[in-house]
Amino acid sequence: MFKLKKEYAEYENKSVRLPKDLIIELQQLAKENEMSFNKVVIQCIEYALAHAEGKTDL
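Residues numbered from 1 in each chain as written. Predicted model: local features only at pLDDT ≥ 70, side-chain atom pairs only at ≥ 80, totals over all residues. Heavy atoms only, no water.

A.B. asks: What's the story with the packing of helix α1 (residues 20-32) against helix α2 (residues 37-50) in this structure? I'm lost.
C.D. replies: To describe two helices that pack against each other, one gives the angle between their axes and the distance between the axes. Where α1 meets α2, the axes come as close as 9 Å, and the angle between the chain directions of the two elements is 110°. By the angle between their directions, the pair α1 and α2 is classed as roughly perpendicular. Here I23, L26, Q27, L29 and A30 of α1 come into contact with α2, specifically with F37, V40, V41 and C44. For the contact of α1 with α2, the residue count by class is eight nonpolar, one polar and no charged. (Axes fitted to C-alpha atoms, helices over the stretch in contact; angles between N-to-C directions. Helix = DSSP H or I, 4+ residues; strand = E, 2+ residues; numbered from the N terminus. Parallel < 35°, antiparallel > 145°, perpendicular 65-115°, else oblique. Contact = heavy atoms within 4.5 Å. Nonpolar A, V, L, I, M, F, W, Y, C, P; charged D, E, K, R; others polar.)

A.B. asks: Would you mind going over the environment of K3 with me for this structure?
C.D. replies: Along the chain, K3 falls in the segment before α1. Considering only alpha carbons, one finds K3 and Q43, 40 residues apart in sequence, at a separation of 8.6 Å.

A.B. asks: Just checking my understanding: could you explain the nonpolar core for this structure?
C.D. replies: Inside soluble globular proteins, nonpolar side chains tend to come together where they are buried. Counting residues in hydrophobic clusters, the biggest one holds six residues: L4, L26, A30, M35, V40 and V41. Going through the elements one at a time, α1 and α2 are the ones with two or more residues in this core. Residues contacting A30, with those up to four places away along its chain left out, are M35, S36, F37 and V40. (Core = buried A, V, L, I, M, F, W, Y, C linked by side-chain atoms within 4.5 Å. Buried < 20%, exposed > 50% of the residue type's maximum accessible area, 1.4 Å probe, protein only.)

A.B. asks: Is there a simple way to think about α2 in this case?
C.D. replies: Taking 1.5 Å per residue, 14 residues should reach 20 Å; α2 reaches 20 Å between its end C-alpha atoms and fits that length. Inspection of α2 places V40, V41 and Q43 among the buried residues, and these make up the whole buried set. End-on view of α2: buried residues confined to an arc of 165°, all on one side of the axis. Each element contacted by the buried residues of α2 is listed here: α1. (Expected span 1.5 Å × (residues − 1). Arc of directions from axis to C-beta.)

A.B. asks: Even after reading the chapter, I still don't get the environment of L29, so can you show me in this structure?
C.D. replies: When you line up the elements, L29 lands in helix α1. Residue L29 is classed as partly exposed on the basis of its relative accessible area, which comes to 27%. Remark: the alpha-carbon pair of L29 and V41, spanning 12 residues in sequence, is separated by 9.8 Å.

The following block contains the structure:
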(Lines give C-alpha, C1' and ligand atoms only; values in the text may rest on other atoms or scores of the structure.)
Protein backbone atom coordinates (compact mmCIF):
# COMPACT_ATOMS: atom_id res chain seq x y z
CA MET A 1 0.00 0.00 0.00
CA PHE A 2 1.18 3.51 -0.82
CA LYS A 3 1.92 5.49 2.33
CA LEU A 4 3.46 8.96 2.39
CA LYS A 5 6.58 9.58 4.47
CA LYS A 6 7.94 12.93 5.60
CA GLU A 7 11.74 12.93 5.25
CA TYR A 8 14.44 12.90 2.58
CA ALA A 9 18.14 13.61 2.98
CA GLU A 10 19.54 14.96 -0.30
CA TYR A 11 17.99 16.82 -3.23
CA GLU A 12 18.94 17.96 -6.73
CA ASN A 13 16.91 20.39 -8.83
CA LYS A 14 15.25 19.23 -12.05
CA SER A 15 12.39 20.95 -13.88
CA VAL A 16 9.48 18.90 -15.21
CA ARG A 17 6.19 19.83 -16.87
CA LEU A 18 3.06 18.09 -15.64
CA PRO A 19 -0.57 18.21 -16.81
CA LYS A 20 -2.57 20.83 -14.92
CA ASP A 21 -5.13 18.31 -13.63
CA LEU A 22 -2.34 16.15 -12.20
CA ILE A 23 -0.82 19.17 -10.44
CA ILE A 24 -4.17 19.99 -8.86
CA GLU A 25 -4.58 16.41 -7.63
CA LEU A 26 -1.04 16.30 -6.22
CA GLN A 27 -1.47 19.66 -4.50
CA GLN A 28 -4.64 18.42 -2.83
CA LEU A 29 -2.90 15.25 -1.64
CA ALA A 30 -0.02 17.34 -0.26
CA LYS A 31 -2.43 19.67 1.55
CA GLU A 32 -4.41 16.79 3.07
CA ASN A 33 -1.19 15.25 4.42
CA GLU A 34 0.45 18.55 5.48
CA MET A 35 3.40 17.89 3.17
CA SER A 36 5.14 19.78 0.42
CA PHE A 37 4.10 19.24 -3.18
CA ASN A 38 7.67 18.14 -3.93
CA LYS A 39 7.70 15.36 -1.31
CA VAL A 40 4.41 13.98 -2.59
CA VAL A 41 5.68 13.96 -6.19
CA ILE A 42 8.89 12.18 -5.14
CA GLN A 43 6.99 9.46 -3.33
CA CYS A 44 4.52 8.95 -6.17
CA ILE A 45 7.42 8.49 -8.57
CA GLU A 46 9.20 6.09 -6.21
CA TYR A 47 6.03 4.03 -5.82
CA ALA A 48 5.42 3.93 -9.58
CA LEU A 49 9.00 2.84 -10.25
CA ALA A 50 8.90 0.15 -7.57
CA HIS A 51 5.65 -1.28 -8.96
CA ALA A 52 6.24 -0.86 -12.70
CA GLU A 53 5.51 -3.80 -14.99
CA GLY A 54 8.63 -5.28 -16.51
CA LYS A 55 10.76 -3.63 -13.85
CA THR A 56 14.43 -4.54 -13.96
CA ASP A 57 16.73 -4.09 -10.98
CA LEU A 58 19.37 -1.46 -11.66
